[in-house]
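Spelled out from the first residue to the last, the chains are:
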Amino acid sequence: MEFRWNVPVLGLTRLGDRVEGLATADGMIIGDSYVLAAGCDSPALARPLGLFLPIIPAKGYSMTIPVANHAGAPFVSITDDEHKMVYSRLGDRLRAAGTAEMAGHDASLNPARAKMILDHARTLFPDGGDFERAEPWAGLRPVTPDSVPLLGGTPFANLWLNTGHGTLGWTMACGSGRVIADLVSGRQPEIAMDGLGASRFRHGLPTMTA
Ligand SMILES: Cc1cc2nc3c(=O)[nH]c(=O)nc-3n(C[C@H](O)[C@H](O)[C@H](O)COP(=O)(O)OP(=O)(O)OC[C@H]3O[C@@H](n4cnc5c(N)ncnc54)[C@H](O)[C@@H]3O)c2cc1C
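Residues numbered from 1 in each chain as written. Predicted model: local features only at pLDDT ≥ 70, side-chain atom pairs only at ≥ 80, totals over all residues. Heavy atoms only, no water.

**Student:** I'd love a proper account of the site of the ligand, names of residues and values included.
**Tutor:** Surrounding the ligand, one finds 19 residues, the nearest of these being Val9, Gly166, Thr167, Gly169 and Thr171. Here an oxygen atom of the ligand and a backbone polar atom of Gly169 are 2.9 Å apart. Contact between the ligand and Trp170: an oxygen atom at 2.9 Å from a main-chain N or O atom of the residue. Relative to its unbound accessible area of 1000 Å², the ligand is 64% covered by the protein chains. When atoms are counted within 2 Å of each cavity's grid points, the one that captures over half of the ligand is the largest pocket. If you list the elements that add at least two residues to the shell around the ligand, you get β5 (56-66), β9 (135-143) and α3 (169-184). Of the residues that constitute the shell around the ligand, the class distribution is ten nonpolar, seven polar and two charged. Both domains that furnish three or more residues to the shell around the ligand are identified here as domain 1 (9-55 + 146-200) and domain 2 (57-142). (Near = heavy atom within 4 Å. Polar contact = N/O pair within 3.5 Å; in protein donor to acceptor, adjacent residues only side chain to side chain. Areas by Shrake-Rupley, 256 points an atom, 1.4 Å probe, with all protein chains shown as cover. 1 Å grid on protein atoms, 1.4 Å probe; cavity = no way out; pocket = protein on both sides within 12 Å on 5 of 7 lines; lining within 4 Å. Sits in = over half its atoms within 2 Å of the grid points. Helix = DSSP H or I, 4+ residues; strand = E, 2+ residues; numbered from the N terminus. Nonpolar A, V, L, I, M, F, W, Y, C, P; charged D, E, K, R; others polar. Domains from an automatic or database assignment.)

Structure below.
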């Protein structure tokens, strides 16, 4: 197995009903099968093939707070449903995350939103850590209209989708990877695939254009 880090895919080239290869800045990469798992950039890569993927970015924020000698940080994961916030203990740090900001592909950090995350954390866990040294982060979640990922095949025989996991990409990563590995290898996945494919949307995956 070979990993090619930091090699952006510029486009997928097709040959009939198959994907022929990936055009990259380092030249063509040819494979037997291709899995599209490019997060919020998946639609842009699929579109030139005539495939419409209903995925948009929903920006989320996290604040990572050093626990230091504070005693009030939780040890288990906590979901604050009322404020749509989650809290995870990562060793000597407490991570608070939440919000869904629709700002297109702009992943920049809005300080007001980051502060809101911190304020919620401080209110819930007043002795949870050294809030002055919290580190902010923002990232884009690839969301679909029904918050279910796009998993499965496409009109191209050797192109598979593993994308659109929204707020739960880490949670579903292993299961999704297993399903795709089974499909690519010609095995029956252990879970029912109903309602997971892109064809569940009204326009679905259009038939290929010539
Ligand atoms: C604040 C926040 C908190 C979250 N908390 C949780 C949580 O607690 N639990 C959970 O399960 N999930 C959580 N998520 C969601 C999770 O991070 C996402 O669902 C997950 O990252 C999606 O994974 P992905 O691989 O599909 O997409 P991404 O993580 O976006 O990865 C896509 C990859 O494709 C690469 N790529 C894109 N275009 C190209 C190209 N043209 N060529 C080459 N590479 C390309 C990108 O560089 C990137 O590495 C959270 C998200 C946020 C923002």
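**Student:** Residue-level account of the packing of aromatic side chains, with values.
**Tutor:** Applying the stated criterion across every chain yields a total of two aromatic pairs. Note on Phe3 and Trp5: the rings are 5.4 Å apart at their centroids and 5 degrees apart in plane angle, and the pair reads as stacked. Judged by its relative accessible area of 54%, Phe3 is exposed. Looking at Trp5, the relative accessible area reads 66%, which means it is exposed. Plain terms: the ring middles of Tyr87 and Phe125 are 5.1 Å apart, the flat faces sit at 80 degrees to each other, and that makes the pair edge-to-face. (Phe/Tyr/Trp six-rings, centres within 6.5 Å; stacked < 30°, edge-to-face > 60°. Buried < 20%, exposed > 50% of the residue type's maximum accessible area, 1.4 Å probe, protein only.)

**Student:** Could you give an account of a nonpolar patch on the surface, with specific residues and numbers?
**Tutor:** On the surface, a cluster of nonpolar side chains totalling about 520 Å² of accessible area is made up of Met1, Phe3 and Trp5. Mapped onto the elements, Trp5 comes out in the segment before β1 (9-15). (Patch = residues over 30% accessible without salt bridge, like charges linked within 9 Å, V, L, I, M, F, W, Y side chains within 5 Å. Salt bridge = Lys/Arg side-chain N within 4 Å of Asp/Glu carboxyl O.)

**Student:** Which residues make up the layout of surface pockets, and what values go with them?
**Tutor:** Reported here for the largest pocket is a volume of approximately 1300 Å³. Forming the boundary of the largest pocket are 41 residues, of which Arg141, Gly166, Thr167, Gly169 and Trp170 lie nearest the centre. Contributions of two or more residues to the lining of the largest pocket are made by β5, β6 (78-80), β7 (85-90), β8 (93-101), β9, β11 (159-163) and α3. By residue class, the composition of the lining of the largest pocket is 17 nonpolar, 19 polar and five charged. (Points joined across faces, edges and corners; volume = space filled by probe spheres on them.)

**Student:** Lay out the side chain of Thr64 with the relevant residues and their values.
**Tutor:** Within the fold, Thr64 resides in strand β5. A polar contact of 2.9 Å, which involves the side chain of Thr64, links it to the side chain of Arg95.

**Student:** Go over helix α2 (residues 111-124), please, and point to the residues and values.
**Tutor:** Here α2 contains 14 residues, and its C-alpha end-to-end distance of 20 Å stays within 8% of the 20 Å for a straight helix at 1.5 Å per residue. Buried residues of α2: Ala114, Ile117, Leu118 and Ala121, and no others. Down the axis of α2, the buried side of the element spans an arc of 95 degrees, and every buried residue falls inside it. Pointing more than 90 degrees away from the buried face of α2 are the exposed residues Ala112, Lys115 and Thr123. Contacts from the buried residues of α2 go to β5, β7, β8 and β9. Sitting at the amino-terminal end of α2 is Asn110, which places a side-chain oxygen 2.9 Å from the backbone nitrogen of Ala112. (Expected span 1.5 Å × (residues − 1). Arc of directions from axis to C-beta. Contact = heavy atoms within 4.5 Å.)

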